[in-house]
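Observations on the model geometry
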Amino acid sequence: MRIIKIFKIITIISFLFLLQVFPQGKGSGMGIQRDVFGKTDDDRIIHRYTLSNKGGIIVKIINYGGIVTELLVPDRKGNRDDVVLGFDSLKPYLADHPYFGCIVGRYANRIAKGKFTLDGKEYKLATNNDGNHLHGGTKGFDKVIWQANPIRVEDGVALVLRYNSKDGEEGYPGNLNVVVIYTLTNENEFRIEYEATTDKPTPVNLTHHSYFNLVGAGGGDVFNNELMIDADKYTVVDQNLIPTGELRSVEGIPMDFRTSHPIGGRIKQVEGGYDHNYVLNRKGDSLSLAARITEAKSGRIMEVYTTEPGIQFYSGNFLDGTITGKGGKVYRKHFGFCLEAQHFPDSPNHPEFPPTILKPNQKYHQVTVYKFSVKK
Ligand code: BGC
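Residues numbered from 1 in each chain as written. Predicted model: local features only at pLDDT ≥ 70, side-chain atom pairs only at ≥ 80, totals over all residues. Heavy atoms only, no water.

Section: the overall build of the chain
Helix and strand counts for the chain stand at two helices and 29 strands. Its C-alpha atoms give the chain a radius of gyration of 21 Å, near enough to 21 Å, the size a compact globule of 376 residues would have. C-alpha extents for the chain along the principal axes are approximately 75 × 50 × 40 Å. Expressed as a percentage of its 376 residues, the buried residues of the chain come to 56%. The long-range fraction of contacts in the chain, counting pairs at least 24 apart against all pairs at least 6 apart in sequence, stands at 64%. In the structure as shown, the chain presents an accessible area of about 16,700 Å², 52% of it carried by carbon and sulfur atoms. In the chain, which carries 46 positive and 42 negative side-chain charges, the distance between the mean positions of the two groups comes to 7 Å. (Helix = DSSP H or I, 4+ residues; strand = E, 2+ residues; numbered from the N terminus. Rg over C-alpha atoms; globule rule 2.2 N^0.38 Å. Buried < 20%, exposed > 50% of the residue type's maximum accessible area, 1.4 Å probe, protein only. Contact = heavy atoms within 4.5 Å. Areas by Shrake-Rupley, 256 points an atom, 1.4 Å probe, with all protein chains shown as cover. Lys, Arg positive; Asp, Glu negative; His and termini not counted. Charge placed at Lys NZ, Arg CZ, Asp CG, Glu CD.)

Side note on the sheet that holds strand 4 (residues 68–74)
Read across the sheet, five strands follow the order 1-2-3-4-5 without closing on themselves; strand pairing throughout is antiparallel. Unpaired on one side and paired on the other, strand 1 (31–39) and strand 5 (80–82) mark the two borders of the sheet. Averaged over all pairs of adjacent strands, the angle between their axes in this sheet comes to 20 degrees, without regard to strand direction. Bridging between strand 1 and strand 2 (residues 45–52) involves eight bridges; their strand directions are antiparallel. Across the sheet, valine 36 pairs through a bridge with histidine 47, a residue of strand 2. (Pairing = 2+ DSSP bridges. Axes fitted to C-alpha atoms, helices over the stretch in contact; angles between N-to-C directions.)

Quick look at the sheet that holds strand 12 (residues 156–165)
Taken in spatial order, the nine strands of this open sheet run 11-12-13-14-29-23-22-17-20, and their pairing is antiparallel. Pairing within the sheet leaves two strands with one partner each, and these edge strands are strand 11 (147–153) and strand 20 (261–262). Pairing analysis gives nine bridges linking strand 13 (residues 176–185) to strand 14 (residues 189–198), with the strands arranged antiparallel. Looking at the pairing, tyrosine 182 lines up with isoleucine 192 of strand 14.

Comments concerning the site of the ligand
Around the ligand sit 13 residues in total, of which Arg110, His135, His209, Asp275 and Glu340 are the nearest. Between the ligand and histidine 209 there is a distance of 2.8 Å, counted from an oxygen atom to a side-chain nitrogen or oxygen. Within the contact set of the ligand, an oxygen atom lies 3.3 Å away from a side-chain nitrogen or oxygen of glutamine 312. Contact with the protein chains hides 95% of the accessible area of the ligand, taken as 310 Å² for the molecule alone. The residue inventory of the shell around the ligand, partitioned by class, reads six nonpolar, four polar and three charged. (Near = heavy atom within 4 Å. Polar contact = N/O pair within 3.5 Å; in protein donor to acceptor, adjacent residues only side chain to side chain. Nonpolar A, V, L, I, M, F, W, Y, C, P; charged D, E, K, R; others polar.)

Side note on unusual backbone geometry
Of note, the amide linkage connecting glycine 105 to arginine 106 takes the cis form, showing an omega dihedral of 5 degrees. Even without being glycine, asparagine 109 reaches a positive phi, approximately 65 degrees. Assessed through its relative accessible area of 3%, asparagine 109 is described here as buried. The backbone of histidine 135 sits at a positive phi, close to 50 degrees, despite the residue not being glycine. As for its position among the elements, histidine 135 is in the loop between strand 10 (133–134) and strand 11.

Considering the pattern of salt bridges
According to the stated counting rule, one finds 13 salt bridges in the structure shown. We note a salt bridge from arginine 292 to glutamate 303, for which the minimum N-O separation is 3.1 Å. In this pair, arginine 292 sits in strand 22 (residues 288–294) while glutamate 303 sits in strand 23 (residues 300–306), placing the two residues 11 residues apart along the sequence. Here the residues in one salt-bridge network are Asp232, Glu251, Asp256 and Arg258, joined through shared partners. (Salt bridge = Lys/Arg side-chain N within 4 Å of Asp/Glu carboxyl O.)

Concerning the nonpolar core
The biggest cluster of nonpolar side chains holds 63 residues, and the ones touching the most others in it are Leu71, Tyr182, Ile229, Tyr278 and Phe313. Broken down by element, this core gets its largest block of residues, five residues, from strand 13. In contact with phenylalanine 313, other than residues within four places in its own chain, are Leu227, Ile229, Phe257, Ile263, Tyr274, Asp275, His276, Tyr278, Phe337, Cys338 and Leu339. One finds Phe37, Tyr211, Tyr331 and Cys338 within the second-largest nonpolar core, a separate group that totals 23 residues. (Core = buried A, V, L, I, M, F, W, Y, C linked by side-chain atoms within 4.5 Å.)

Remarks on the confidence of the model for the chain
The predicted model of the chain has a mean per-residue pLDDT of 94, with 93% of residues at 70 or higher. The model gives residues 9–20 a pLDDT under 50, and that stretch makes five contacts with residues more than four places away or in other chains. (pLDDT = per-residue confidence, 0-100.)

Some words on the side chain of asparagine 63
Of note, asparagine 63 is situated in the loop between strand 3 (58–62) and strand 4. In this structure asparagine 63 comes out as buried when scored by relative accessible area, which is 7%. Within the local environment of asparagine 63, its side chain forms a polar contact with the backbone nitrogen of histidine 47, the two atoms lying 2.9 Å apart. Beyond its immediate stretch of four places on either side in the chain, asparagine 63 contacts Ile46, His47, Val144, Ile145, Trp146, Ala148 and Leu161.

Observations regarding the pairing of strand 24 (residues 310–314)
The buried fraction of strand 24 amounts to five of the five residues, a majority that puts the element mostly inside the structure. Residues Gly310, Gln312 and Tyr314 of strand 24 are buried on one face, and the alternating residues Ile311 and Phe313, pointing to the opposite face, are buried as well. Here five bridges tie strand 21 (residues 275–280) to strand 24, and the two strands are oriented antiparallel to one another. By the bridge assignment for strand 24, valine 279 is matched with glycine 310. Pairing between strand 24 and strand 27 (residues 338–342): five bridges, direction antiparallel. Bridging across to strand 27, glycine 310 finds its partner in glutamine 342.

Structure representation (structure tokens):
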């Protein structure tokens with residue numbers, strides 16, 4: 001009897017230890033906790049990591065697809081709302097969904113006909129979008145299990161995710177070692193840092209695919225979220241959303257977000273809604289402000305800083321009310337927007353675009369920061 005009791009106590013203690021990876025320091029509000037989110041069909045346990053900071057922000061990330069499942073941000077009164085779309089459980093993430101909250105790779109957005117030529121050799125990628133390659137293929141980085149390690153860093157808490165993509169995966173050449181570091185800082189920044197190395201030349205273009213709504217996820221469309229994008233030009237696309245190569249000025253058309261405009265203000269004049277890569281005005285590759293979203297009712301502001309030359313602004317055009325997300329809320333058209341910092345779509349077939357080929361002696365590095373504040 002006594003042995004059983006002792007065994008039970010040990011079990012409870014180890015369980016509590018597992019739950020509290022880095023418990024919050026007394027009164028600090030900062031910490032990381034881990035719990036079990038679910039199991040895959042082949043019985044692998046998926047963990048959820050909850051990162052919190054002193055500013056009251058909480059971000060939850062799972063090691064399946066590196067998906068941000070929740071991002072709770074205070075409004076001007078200090079009330080927290082979840083500002084990203086997603087699901088309450090693992091199962092719908094394992095099924096088909098429109099890339100909610102995930103890491104996108106090896107190549108974000110489209111590669112025409114899933115083909116490109118490198119060093120005289122033609123490569124054929126998985127075609128999963130009307131004959132084109134989208135977001136890394138049939139099983140991109142959004143659908144793989146990442147090895148996860150929580151760490152404390154100088155300015156906050158972080159989750160380090162690692163994945164080794166094999167030579168030939170989805171048709172890409174080279175073994176690619178990828179590290180993604182999600183950091184929540186006490187300056188209210190959600191920072192995403194990506195690194196990759198390869199043993200053969202390969203295209204690499206990684207991004208993050210959260211669907212935001214600063215009103216709160218599932219609380220309606222994003223039309224009153226006001227957006228600024230620091231871009232004079234965008235990459236023109238054909239009817240299959242493949243770049244034609246033309247960089248067109250936004251001057252005088254509904255694509256112009258150089259000054260802040262409500263997302264819904266001119267959306268009806270844009271066929272299908274916004275789904276465009278903006279050519280950022282930034283010079284060089286230091287971390288610079290790319291976009292700012294403000295929402296008057298809640299007072300929330302989100303700024304996006306990046307090292308990347310482009311940003312895809314996608315206004316959730318393909319959401320159609322068939323998905324029921326967190327808390328039973330139905331996600332209808334335009335209920336979320338994505339701001340995906342990236343290199344331009346289809347760059348491997350456009351030598352005139354900034355290059356995306358990573359070579360064996362190089363390191364891919366990109367940083368994107370989503371920084372939150374409130375307007376009083
Ligand atoms: C693309 C859309 C695509 C969506 C998938 C976005 O990044 O720009 O064209 O349909 O991802 O959910």
